[in-house]
Amino acid sequence: MNVPISRVFGLFIVLFALLIAWTSRWTVFDAKALRDNPLNARTIIDQEKIDRGQILAADGTVLAKSVNGPDHTFGRTYPTGSLFSQSIGYAYIKTGQAAGLELSDGDYLRGVNTGISAIIGQLGGGTQVGDNVYTTLDPKAQRLALQLLAGRPGSVVALDPRTGAIKAMVSLPSYNDNHLKGCFPPSCSQLNAATQAHDVAGSTFKLVTTVAALDSGKFTPSSVVDGKSPILVSGVPLQNDGNQSWGPQNLTTALTYSINTIFAQVAQQVGRPTMTQYMKRFGFYAKPPIDLPPDELFASRPYSLTSGKPYPPASPNEDIGRIGIGQGGLLVTPMQMAMVAAAVANGGKLMAPHLTDRVVNPDGQTVLQIKPTVFSQVMSPTTAQVVAQMMRKVVEEGTGQPANLGGISVAGKTGTASIGANGSNITEPWFVGFAPAQSPQIVVAVTIDRTQGQFGGTVAAPIAAAIMKLLLSEHG
Amino acid sequence: MTARNRELLGLIPASLLVTAGFAGVFIQRSNALSNVSLTYGAIFLGLCLAGHLVIRATLPYADPYMFPLAALLASFGIVMIYRIDTTLARQQAQWFVLGLILFSATIVGFRDYRKLERYRYTIAVVSLVLLVLPRFPGIGYQANGAYLGIHIPGVFVFQPTEFAKIGFVIFLASYLRDTRQVLVQGARRILGVTIPPIKHFGPVIVIWGLAMGILILLHDVGSSLMFYGALLSTLYVATSRFSFVVVGLIAFGVGAWYIGSHVPHINARVQEWLHPLSPALYHGTQGGTSSYQQANALFAQAAGGMFGQGFGEATLTIPGTKDYLIPAPSTDMIYAVITDELGLFGAAAVLITYLMLIARGFKTAVLARDSFSTLLATGLSSVLALQVFVIVGGVTRVIPLTGVTLPFISYGGSSIIANLVLLALLLLVSDRARRPA
């Protein structure tokens, strides 16, 4: 009976080898897929056991921090509540909800780059401690922007054109990231309008048209165009504000007084390919290069008014004349318009906007310093200087006068986009600009949604000026 | 060195493991190495030593490796259980005391274990009754859809299959010793397949049929596989007829396919086995059944990886609750916890330890001088090996998951006592086999 016994034992060796093979399948070969499986609660629990790092403002104000939960887990709290919610977002691990920097900087906050003490702590079975993320955000500017919006839906974006560092990013309606439940428009919204709104740019877009016209060499600031009103654009009459006929005017004057018919003709003469080329350099047609989750970014571009779909770049169907004055289906974010002003302010060089400044590990060492990166060279420094002077004139003499700050020279461009049905008088007021005009340090874009006939110069420009003043006084 | 001294030295790994293990749990819980842990370890080692002394006094020639290997597994088990639930570990230690008493009683009471042969039909009937008990209303209870236990409120919970498997093997060994010659010689060969005479083979078929039937009634696929596998391996060793195994496997395959597609509970288990990560099955929306346990067994193993998360490091409960992430971590699912904490290497080490213990069992079967002893040792070793295969195979998704314990490691009074009795019988056979003539 010995031979069968050996065979039976041999069979058990085979069966046990099978068990080891299958164990290695789950522990090694299929392990990653199993760990990433959405049904796997362990992944979430392991995340909950990580002491996520803090998110801080530039001045060290804590914007997000971990709090102790049950069984060595951690929860999250946002001390500044709704003030920073749209840029900070939230990370509720148990429900799998995450947004904003909490999502996009998740690797840092979980401690992918950890200091030596964190690694030793982990080896000893201790808690994994994440790194702290310092942002570029300025709580004072943020608070002032919120205060000046005074509850009106709209957005304020302030950034440093030299680096792309975002100083303030406020949108209303906002929400409190400590309480996600019961947040419904119109009083509460998780939408970050600064980067997600589908706004009509109106006359602020004339900056893009001006840059394309001058930098391409097709126009100079003294080129004269007839500013009569109305004119036919794509077969439809286009009027100036108040149907005023300006007669022949040069481009500087046209920008100062925001003459629609002149810029529509300029855009048509510059042509779709060149206009599209400059728009792409400014960042249109793509999600802005900001360190926020892609879902929270909108690519500004022209949309068909009939189908509601985006036009392919330089599509022959688009009404380039109206696009040239910020109408014609062009939808933009306040951030995109801030980027337009920023490119002019920084000598034609557009810096990628960013919220993350540096990552500091639990030992206090800076493990990552975000370096300013060039998004594109939109125009020559000469063009930038010329356009900046034209924008200075807008504030000195034209529609942007309410942005004047006395001692500080402000450059900018207003916008008052008609957005309601014909004759309804609903407008989207805008102001984008920078200061000081000679050596710009701060760019601000302000827009207010759906006002009753108010103008960019009167409602948006003063907000922008106040924020510029505050930020310049802090850094001056 | 005598066999018994070798056995005593063999207990060193177990004692080191217990000491290191308890120390590990305590350090992990940031406590000082308190007296309690040392007491635990000492009591457990004392029990092992007591077992050794019983063997030393009664079975001087018995295999010197079996007891230390079982002790190693049991030490590992108690450390693991202690890490999961300290209360259960204390109860497990108490079960060990009872188990060792029955272990000693078996050795003393059945010095001549061959007298068991006389009671083979009694043993068969008792085993059958044990198997049916969980289906009796009032005392039987259902766990995970299978009728596996007897529950007398306030007194005990008891899993009769653990004991029935031993009775079943004793009956098989005894019956096949009597009939192995006739099964082969009286057989006719048709188309190269040996057809044994029905008269002699009948009772085997009947026992098999009854066992299978009851197990289908009890909804326990795992035990069914265990019993049937033990039958086939003992039959093969008794008759050397591979054709019996082939026919038996085909019969099992057809039966399993039929049951798998017709018995709803078992069909559900098969579906969970095939698609454990299907969200619908996972959330149990289909007919009240769920692949939650199977899926989480896999997740636990994935969390362990090659080297494991470290002893005491695995996530067992859902934070903020006392709910276990994997149900039954200390019993059916303990292999998943082991893999989670000690990784592929730790799990493989456990399996290899089992294989070494089983190897000693089969070695005993080879050394035995009479057919009953050979068949008994074969049957006991096979049923032990199959039990490990059934539960580990279930946890690792080699076969559908059914709840049986991991011998010597899992928490459970019935399991500990029955497996210690099984070990006692193997040692008895071994002592007789190795006794100088």
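Here the residue index of a chain counts from 1 through its sequence in written order. The order in which chains are written sets their letters, starting at A; the order in which ligands are written sets their numbers, starting at 1. Only residues with pLDDT of at least 70 get local features here, since the model is predicted, and only at 80 or more are side-chain atom pairs given and counted; chain-wide, interface and lining totals rely on the full set of residues.

(A) Local environment of the overall build of chain B. In DSSP terms, a helix is any run of H or I states spanning at least four residues, a strand is any run of E spanning at least two, and both are numbered starting from the N terminus. Within chain B one finds 15 helices and 5 strands. The buried share of chain B, reckoned over its 437 residues, is 51%. Of the contacts made within chain B by residues no fewer than 6 positions apart, 70% connect residues no fewer than 24 positions apart. Partly exposed residues are those whose C-beta has more than 12 but fewer than 20 other C-beta atoms within 10 Å; 20 or more makes a residue buried and 12 or fewer makes it exposed, with C-beta atoms placed from the backbone. By definition, residue pairs are in contact when their C-beta atoms, positioned from the backbone, come within 7 Å.

(B) Quick peek at the overall build of chain A. The number of helices and strands found in chain A is 17 helices and 23 strands. By principal-axis analysis of the C-alpha atoms, chain A measures approximately 115 × 50 × 45 Å. Looking at chain A as a whole, 52% of its 476 residues qualify as buried. Taking the intrachain contacts of chain A between residues at least 6 apart in sequence as the baseline, contacts between residues at least 24 apart amount to 67%.

(C) Structural context of the interface of chain A and chain B. Counting residues at the interface gives 36 residues for chain A, matched by 46 residues for chain B. Those elements giving two or more residues to the side of chain A that touches chain B turn out to be α1 (2–29), α2 (31–36) and α3 (41–48) of chain A. Element by element, the count of residues in the side of chain A that touches chain B is highest for α1(A), at 18 residues. Residue composition of the side of chain A that touches chain B, by class: 21 nonpolar, 9 polar and 6 charged. Classification used: nonpolar for Ala, Val, Leu, Ile, Met, Phe, Trp, Tyr, Cys and Pro, charged for Asp, Glu, Lys and Arg, polar for all others including Gly.

(D) How the structure looks around the sheet that holds strand β14 (residues 301–302) of chain A. Read across the sheet, 3 strands follow the order β9-β15-β14 (chain A) without closing on themselves; strand pairing throughout is antiparallel. A strand with exactly one partner marks an edge of an open sheet, and here the two such strands are β9 (199–200) and β14 of chain A. In this analysis, strands are considered paired if DSSP registers two or more bridges between them.

(E) Expanded view of the sheet that holds strand β18 (residues 366–369) of chain A. Residue and element names in this part refer to chain A. Ordered by their spatial adjacency, 6 strands build an open sheet running β3-β2-β1-β6-β17-β18, and the pairing between neighbours is mixed. Both outer strands of the open sheet, β3 (74–77) and β18, are each paired with one neighbouring strand and no more. Sheet topology places strand β17 (residues 356–360) next to β18; 3 bridges connect them, and they run antiparallel. Bridge pairing links Arg-358 to Gln-369 in β18.

(F) Examining the pairing of β3(A) more closely. Alternating residues of β3(A) divide into Phe74(A) and Arg76(A), all buried, and Gly75(A) and Thr77(A), none buried. Where strand β2 (residues 62–68) of chain A folds back on β3(A), the antiparallel hairpin that results is connected by 5 residues, among which Asp71(A) adopts a positive phi of roughly 50°.

(G) Structural detail: helix α15 (residues 413–434) of chain B. Helices are assigned an expected span. That span is 1.5 Å times one less than the residue count. A rise of 1.5 Å per residue sets the reference length of α15(B), with its 22 residues, at 32 Å; its end C-alpha atoms lie 31 Å apart and thus fit the reference within 8%. Within α15(B), 20 of the 22 residues are buried, which leaves it mostly tucked inside the rest of the structure.

(H) Inspection of helix α13 (residues 334–367) of chain B at higher detail. All names here are of chain B. With 34 residues, α13 extends just 34 Å between its outermost C-alpha atoms, more than 12% less than the 50 Å of an ideal straight helix rising 1.5 Å per residue. Taking the largest bend as the criterion, α13 deviates by roughly 125°, centred on Gly-343. The buried count for α13 comes to 24 of 34 residues, which makes it a mostly enclosed element. Note on bend: at a given residue it equals the angle between the axes fitted to the 7 residues ending there and to the 7 starting there.

(I) Structural view of the packing of α1(A) against helix α8 (residues 221–239) of chain B. To obtain an axis, a line is fitted to C-alpha atoms, over the contacting stretch when the element is a helix, and the angle between two such axes runs from 0 to 180 degrees between their N-to-C directions. At a closest axis distance of 7 Å, the pairing of α1(A) and α8(B) adopts a crossing angle of 155°. Here α1(A) lies roughly antiparallel to α8(B), going by the angle between them. The handedness of the crossing between α1(A) and α8(B) is right-handed. Here Pro4(A), Ile5(A) and Val8(A) of α1(A) lie close against α8(B), whose contacting residues are Ser233(B), Tyr236(B) and Val237(B). For the contact of α1(A) with α8(B), the per-class residue count stands at 5 nonpolar, 1 polar and no charged. By the definition adopted for this analysis, an angle is roughly parallel if under 35 degrees, roughly antiparallel if over 145, roughly perpendicular if from 65 to 115, and oblique otherwise. Each crossing gets its handedness from the near helix: less than a right angle anticlockwise from the far helix is left-handed, clockwise is right-handed.

(J) Quick look at the environment of Ala164(B). Residues and elements named next belong to chain B. Here Ala-164 shows up in helix α6 (residues 160–185). Residue Ala-164 is classed as buried on the basis of its 25 C-beta neighbours within 10 Å. For Ala-164 and Tyr-292, which are 128 residues apart along the polypeptide, the C-alpha to C-alpha distance reads 30 Å. Ignoring sequence-local partners within four residues, the contact set of Ala-164 consists of Ser-127, Leu-130 and Leu-131.

(K) Molecular detail of the pairing of strand β8 (residues 166–172) of chain A. Residue and element names in this part refer to chain A. With 7 of its 7 residues buried, β8 lies for the most part within the structure. Across 6 bridges, the pairing between strand β7 (residues 154–159) and β8 is antiparallel. Within the sheet, the bridge partner assigned to Leu-159 lies in β8 and is Ile-166. A loop of 6 residues connects β7 with β8, the two strands running antiparallel in sequence, and Gly-164 in this loop sits at a positive phi of about 90°.

(L) Structural context of the nonpolar core. As used throughout, a nonpolar core is a set of buried Ala, Val, Leu, Ile, Met, Phe, Trp, Tyr and Cys residues joined through C-beta atoms within 7 Å of each other. In this structure, Ala70(B), Val169(B), Tyr335(B), Leu376(B), Leu425(B) and Leu427(B) are the most contacted members of the largest nonpolar core, which totals 135 residues. With residues near it in sequence (within four places) discarded, Val169(B) still touches Ala230(B), Leu376(B), Gly379(B), Leu380(B) and Val383(B). In terms of nonpolar packing, the next biggest core, distinct from the first, is built from 121 residues, Ile55(A), Ala197(A), Ile262(A) and Val266(A) among them.

(M) Layout of the environment of Ala342(A). Residues and elements named next belong to chain A. Its location among the elements puts Ala-342 in helix α15 (residues 334–345). Judged by the 31 C-beta atoms lying within 10 Å of it, Ala-342 falls in the buried class. Taking the C-alpha atoms as reference points, Ala-342 and Thr-163, 179 residues apart in sequence, are found 9.7 Å from one another. Those residues in contact with Ala-342 that sit more than four places away from it in its chain are Leu-159, Pro-161, Leu-350, Met-351 and Val-443.

(N) Looking closely at the packing of α6(B) against α8(B). Residue and element names in this part refer to chain B. Where α6 meets α8, the axes come as close as 9 Å, and the angle between the chain directions of the two elements is 25°. Judged by the inter-axis angle, α6 sits roughly parallel to α8. The two elements α6 and α8 meet at a crossing, and its hand is right-handed. Only Ser-223, Met-226, Phe-227, Ala-230, Leu-231, Thr-234, Leu-235, Ala-238 and Thr-239 of α8 make contact with α6, whose side of the interface consists of Thr-161, Lys-165, Phe-168, Val-169, Leu-172, Ala-173, Leu-176, Arg-180, Leu-183 and Val-184. Classifying every residue of the contact of α6 with α8 gives 13 nonpolar, 4 polar and 2 charged.

(O) Broad picture of unusual backbone geometry. All names here are of chain A. Residue Pro-186 follows Pro-185 across a cis peptide bond; omega there is 5°. Positionally, Pro-186 belongs in the loop between β8 and α9 (193–196). A cis geometry characterises the amide bond from Ser-229 onward to Pro-230, with omega recorded as -5°. Summarising the element assignment, Pro-230 is placed in the loop between β10 (224–226) and β11 (231–233). Positive phi, normally seen in glycine, also occurs at Ser-258, with a value near 55°.

(P) Main features of the environment of Gln190(A). Residues and elements named next belong to chain A. Within the secondary structure, Gln-190 sits in the loop between β8 and α9. With 140 residues separating them along the chain, Gln-190 and Ile-50 place their C-alpha atoms 26 Å apart. The residues touching Gln-190, leaving out its near neighbours within four places in the chain, are Ala-99, Tyr-175 and Cys-183.

(Q) The arrangement of the confidence of the model for chain B in detail. pLDDT is a residue-level measure of predictor confidence that goes from 0 to 100. Across chain B, the average pLDDT comes to 84, with 88% of residues at 70 or higher. The ipTM, which scores confidence in the relative placement of chains, is 0.93 for this predicted complex, and the corresponding pTM is 0.70.

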